[in-house]
Amino acid sequence: MTSAEQVSEVFSRRPKRADARRNYETLISAAREAFAEDGVSASLEDIARRAHVGIGTLYRHFPTRQDLFESVYVDEVEALCRTAGDLADQPPWDALVGWLHRFVRYTATKRALAESLSHDTATFRTCRTEIYAAGEPLLRRAQQAGVARADTSFDDVLRLLSGITMIHFAEPGQLERVLGMALDGLRYQPPSTASTN
């Protein structure tokens, strides 16, 4: 099965009927909240309760826990990728920084979910490709505008930010401060014209 077919399989779980679609979306939202609060071991019964549906409805949409993980993960990646389009009208640096802030929020809250998925699956690889397709043009645009360092790649940036999200910050606001310092390092700095004596 190709990666596109595997992701298509995840998307095919989305029902067409309006009432079933509402239940599906409510279950995704409830699962997202439950996983954020309790990790990937969150009770499926609790997720069904949060969504105000029976456990049978949950299993009809997501026959296995892995199906639910994948669907929530794909939904989150889609939302992250849509953000890149929402920022397209902003100046290059603002668009890049806005998207990278969204990426950090996504990564910080979805790490346990992402770690529960095998990185060797076509779904995971396709989602990674989609993230690059959404964010890389924002970096390239900022580089072309001369506001981001030209000597960095999108992979460099994601690795830097992913590393930051792995840190446990004790103080409120500390993540944002550290992220700000990292983004300052990404911003283009013209060579110093100060003479040295």
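Because the structure is predicted, anything quoted here is derived from the model rather than measured.

The rules behind each value
Residues numbered from 1 in each chain as written. Predicted model: local features only at pLDDT ≥ 70, side-chain atom pairs only at ≥ 80, totals over all residues. Heavy atoms only, no water. Helix = DSSP H or I, 4+ residues; strand = E, 2+ residues; numbered from the N terminus. Buried < 20%, exposed > 50% of the residue type's maximum accessible area, 1.4 Å probe, protein only. Areas by Shrake-Rupley, 256 points an atom, 1.4 Å probe, with all protein chains shown as cover. Salt bridge = Lys/Arg side-chain N within 4 Å of Asp/Glu carboxyl O. Expected span 1.5 Å × (residues − 1). Bend = angle between axes of the 7 residues up to and from the residue. Phe/Tyr/Trp six-rings, centres within 6.5 Å; stacked < 30°, edge-to-face > 60°. Axes fitted to C-alpha atoms, helices over the stretch in contact; angles between N-to-C directions. Parallel < 35°, antiparallel > 145°, perpendicular 65-115°, else oblique. Contact = heavy atoms within 4.5 Å. Nonpolar A, V, L, I, M, F, W, Y, C, P; charged D, E, K, R; others polar. Core = buried A, V, L, I, M, F, W, Y, C linked by side-chain atoms within 4.5 Å.

**Student:** Describe the overall build of the chain, listing the residues and the values that go with them.
**Tutor:** Along the chain, the regular secondary structure elements total 9 helices and 0 strands. Going from the N terminus to the C terminus, the chain shows its helices and strands as α-α-α-α-α-α-α-α-α. The 197 residues of the chain split such that 43% are buried. Accessible area for the chain stands at about 10,900 Å²; split by element, carbon and sulfur atoms hold 52% of it.

**Student:** Give a description of the pattern of salt bridges that names residues and reports values.
**Tutor:** Here the structure, examined in full by the defined rule, presents 12 salt bridges. One salt bridge in this structure joins Arg50 and Glu37, with 2.7 Å as the shortest N-O distance. Pair noted here: Arg50 is in helix H3 (residues 44-50) and Glu37 is in helix H2 (residues 18-38), with a separation of 13 residues, a long-range link. For Glu37, a relative accessible area of 55% translates into the label exposed. Put simply, Arg177 and Glu171 hold a salt bridge, and the shortest N to O gap is 2.9 Å. Note on Arg177: relative accessible area 44%, which makes it partly exposed. In this structure, a network of salt bridges that share partners links the residues Glu33, Glu37, Asp38, Asp46, Arg49 and Arg50.

**Student:** Residue-level account of helix H7 (residues 122-144), with values.
**Tutor:** An ideal rise of 1.5 Å per residue puts 33 Å on 23 residues; H7 measures up with 32 Å between its terminal C-alpha atoms. The largest bend in H7 is about 30°, located at Gly135, with the proline Pro137 one to four residues further on.

**Student:** Please give an account of the packing of aromatic side chains that cites residues and values.
**Tutor:** On inspection of all chains with the given rule, the structure shows 8 aromatic pairs. Considering the side-chain rings of Tyr73 and Tyr106, the 6.4 Å spacing of their centres and the 40° angle between planes classify their relative orientation as tilted. Note that Tyr73 is positioned in helix H5 (residues 65-86) and Tyr106 in helix H6 (residues 92-116), a separation of 33 residues in sequence. Take Tyr73 and Tyr106: they sit in the same class, and that class is buried. Taking the centre distance of 5.6 Å and the plane angle of 10° together, the rings of Tyr73 and Phe124 count as stacked. In this pair, Tyr73 is assigned in helix H5 and Phe124 in helix H7, connecting sequence segments 51 residues apart. The pair formed by Tyr73 and Phe124 is uniform in burial state, with each residue classed as buried. An aromatic cluster of three or more residues is present, and its members are Tyr73, Trp99, Phe103, Tyr106, Phe124, Tyr132 and Phe154.

**Student:** Could you give an account of the packing of H5 against H7, naming the residues involved and the relevant values?
**Tutor:** Packing of H5 against H7 leaves a shortest axis separation of 9 Å and a crossing angle of 10°. As far as their axial angle goes, H7 and H5 are roughly parallel. Contacts from Glu70, Tyr73, Val74, Val77, Leu80, Cys81 and Ala84 in H5 reach Thr123, Phe124, Cys127, Glu130, Ile131, Ala134 and Leu138 in H7. Here the contact of H5 with H7 is built from residues that sort into 11 nonpolar, 1 polar and 2 charged.

**Student:** Lay out the nonpolar core with the relevant residues and their values.
**Tutor:** Counting 36 residues, the largest nonpolar core has Leu96, Trp99, Leu100, Phe103, Ile131, Leu161 and Leu186 as its most contacted members. Mapped onto this core, the elements with two or more residues apiece are H5, H6, H7, helix H8 (154-165) and helix H9 (174-186). Considering every element that reaches this core, the biggest residue donor is H6, with 9 residues. Discounting chain neighbours no more than four positions away, the residues touching Leu161 are Leu100, Phe103, Val104 and Leu179. The next biggest cluster of nonpolar side chains, apart from the first, holds 18 residues, and it includes Leu27, Ala31, Ala42 and Leu68.

In short, geometric facts, not functional conclusions.
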